[in-house]
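Observations on the model geometry
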Amino acid sequence: MKNRGANMPYKLYTLYFLYFAGYISFFSFYALYLTEHGLSKSFLGLLSTGTAVANFISLVGAGVLADHMLSPRKIILASGAASALWGFTLLWAPNALPLALLAVVPVSFLDFALLGSLDAWVNLAARHNSQVKYSVARGIGGLSGACASLILGAVLQVIGRGRIVWFHFAFYLLLLLVAFQTADVQRPQRKQGKSPNAKLWKNRRYLLFLAASLLLFLGWRALLTYLPALVVDFGGGSVHQGLIMAVMSFGSMFVLGLYPRLRRRAGTAVLLGAGAVFMALRMLCMVFVHSMAPLILVQLLEAVSYGLFQPAAMEYIGSITPVETRATALSVYTAVQMPAGTILANALALPLLQAGSVCGMFAVFSALALLGALFLLFSLRHGGGALRKVETRP
């Protein structure tokens, strides 16, 4: 058992590596596969909204299950196996939107349950093993996503984009093998008295932080949703899509790797604020993008926006929520950041895109991101005590 405990960080990091390789292999290229078979931008937005609704339900449900019923490991084994198999339905999807929804939405639902459970597993393991670092795990995930994007972007150009289902299956099969060999973690014992979930929904600092995060991530979600369409509009293909995803992933990986050192020097609050400012700046830069080269260059800001904000956000949430609801708190944050953000982003973006105003769309999102950054500063000011507690933790 000692060896299993000693190897725990490396096994968890391997799970992130395999998850992001499998996720990127499917979700970075499925839109290109469908658009080359005639799926329009509007249908792409509708498909994105469908997956976002499923992802929201998935993340919240997985968090509640991990806190009260099943361990994160069991959720990962079940969702990973189902996703690996269901991914093959994409091969029957290009001919009609209903088939595309039936293929992509369940895979997204299962993959986000897997992601939420991975984050909960790492957070719980870190309480017992100081060698487990969330920023390192996400950085390794970024490395695998970058490699998958770069390599598959070129490979799929030759063998056909429909082969993404086989790469998705292979990576998840390896993930299941590693998860099966990794020691489980026990859920924290619930305290007597008031329901922990009731306390979570009355936690003002947590709710304020969720609101700020939603505003910050609206533009980020819109960018990721419509990025494949922008690549096609600028005359690119899967090679350019793979290059952009690699630029984003390698940059995030580098900053996530540096995060523990940056945190010791600057503190969580400063890194949260810096990440928020760079998110707003990134959206503002997108207003002036009209060709492929600037589109690629602007994505370098992924490193200092998401790369700083995400690990700092996880630490902040850990400092202001009770451990018995930690999985739920983290999953709800991810649900607000990703699926809820995607739904609202599409609702704002579609009318602007239909009017042919891509620049206007990003102008709106840059203003919302700036508002989110200001909202975040207010949130941090009222959560300063919790942040100081986090920053003094070894």
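Worth saying up front: this structure is predicted, and the values here are computed from it rather than measured. (Residues numbered from 1 in each chain as written. Predicted model: local features only at pLDDT ≥ 70, side-chain atom pairs only at ≥ 80, totals over all residues. Heavy atoms only, no water.)

**Looking at the overall build of the protein**
If you tally the helices and strands in the protein, you get 16 helices and 0 strands. Per-residue burial over the protein gives 57% buried out of 394 residues. The long-range share in the protein, meaning contacts at least 24 apart out of those at least 6 apart in sequence, stands at 85%. For the protein, the exposed surface amounts to about 16100 Å²; the carbon and sulfur share of it is 68%. (Helix = DSSP H or I, 4+ residues; strand = E, 2+ residues; numbered from the N terminus. Buried < 20%, exposed > 50% of the residue type's maximum accessible area, 1.4 Å probe, protein only. Contact = heavy atoms within 4.5 Å. Areas by Shrake-Rupley, 256 points an atom, 1.4 Å probe, with all protein chains shown as cover.)

**Focus on the environment of Arg204**
For Arg204, the location among the structural elements is in helix H9 (residues 204–233). Overall, the relative accessible area of 73% leaves Arg204 in the exposed class. Between the C-alpha atoms of Arg204 and Ile320, which are 116 residues apart in sequence, the distance is 9.7 Å.

**So, the nonpolar core**
Membership of the largest hydrophobic core comes to 109 residues, with the highest contact counts inside it found for Leu90 and Phe309. In terms of residue count, H9 provides more of this core than any other element does, 15 residues in total. Contact partners of Phe309, with chain neighbours within four places excluded, come to Phe209, Ser213, Leu216, Phe217, Leu272, Gly275, Ala276, Met279, Tyr333 and Leu376. (Core = buried A, V, L, I, M, F, W, Y, C linked by side-chain atoms within 4.5 Å.)

**Considering the pattern of salt bridges**
Applying the stated criterion across every chain yields a total of 3 salt bridges. The partner of Glu302 in a salt bridge is Arg282, and the shortest N-O contact between them spans 2.3 Å. One end of the pair, Glu302, is in helix H13 (residues 302–320); the other, Arg282, is in helix H11 (residues 268–286), with 20 residues separating them in the sequence. A relative accessible area of 5% means that Glu302 is categorised as buried. A relative accessible area of 1% means that Arg282 is categorised as buried. (Salt bridge = Lys/Arg side-chain N within 4 Å of Asp/Glu carboxyl O.)

**Quick word on a nonpolar patch on the surface**
A cluster of nonpolar side chains, Val53, Phe56, Ile57 and Phe109, forms an exposed patch at the surface whose accessible area comes to about 330 Å². At 3 residues, the largest contribution of residues to the nonpolar patch is made by helix H3 (residues 41–68). Here Ile57 lies in helix H3. You can call Ile57 exposed: its relative accessible area is 53%. (Patch = residues over 30% accessible without salt bridge, like charges linked within 9 Å, V, L, I, M, F, W, Y side chains within 5 Å.)

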